[in-house]
Amino acid sequence: MIHARFEGRSYDLNPLVLPLGSTLSDQEVNTCIAAHVEAPANRFHTYVLERPASRDGIVHPEAVYGSS
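Residues numbered from 1 in each chain as written. Predicted model: local features only at pLDDT ≥ 70, side-chain atom pairs only at ≥ 80, totals over all residues. Heavy atoms only, no water.

### Regarding the sheet that holds strand β4 (residues 57-61)
Inference 1: Spatial strand order, β2-β1-β4-β3: four strands in an open sheet with mixed pairing. Edge positions in the sheet fall to β2 (9-13) and β3 (47-50), since each of these pairs with one other strand and no more. Pairs of neighbouring strands in the sheet enclose a mean axial angle of 15°, with direction left out of account.
Inference 2: Alignment of strand β1 (residues 2-6) against β4, held across three bridges, turns out to be parallel. Opposite His-3, over in β4, you have Ile-58 as the bridge partner. (Pairing = 2+ DSSP bridges. Helix = DSSP H or I, 4+ residues; strand = E, 2+ residues; numbered from the N terminus. Axes fitted to C-alpha atoms, helices over the stretch in contact; angles between N-to-C directions.)

### Quick word on the packing of aromatic side chains
Inference 1: Counted by the stated rule, this structure contains three aromatic pairs.
Inference 2: With a centroid separation of 4.7 Å and an interplanar angle of 50°, the aromatic rings of Phe-44 and Tyr-47 are classed as tilted.
Inference 3: One aromatic cluster is present, built from ring pairs that chain together Phe-6, Phe-44 and Tyr-47. (Phe/Tyr/Trp six-rings, centres within 6.5 Å; stacked < 30°, edge-to-face > 60°.)

### Points about unusual backbone geometry
Inference 1: For Glu-7, which is not glycine, the phi dihedral falls at a positive 50°.
Inference 2: The topology assignment puts Glu-7 in the loop between β1 and β2.
Inference 3: With a phi angle near 55°, Glu-38 is a residue other than glycine that sits in the positive phi range.
Inference 4: Its location among the elements puts Glu-38 in the loop between α1 (26-36) and β3.

As structure tokens, this is what we get:
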């Protein structure tokens, strides 16, 4: 299962519905999610995919702390 956060909404993406797998790159997973939410793939170029060993994957916007 992949949990994705996009534009204030949360999505739980089942690998049986989307072609998600551990062999896909982070960018390929983001492209699948973009297609699922009907958004351009470039909207996810700064999104991060966390793949913790003990739980489902999580896709979220990259966190930016502070300002330069």
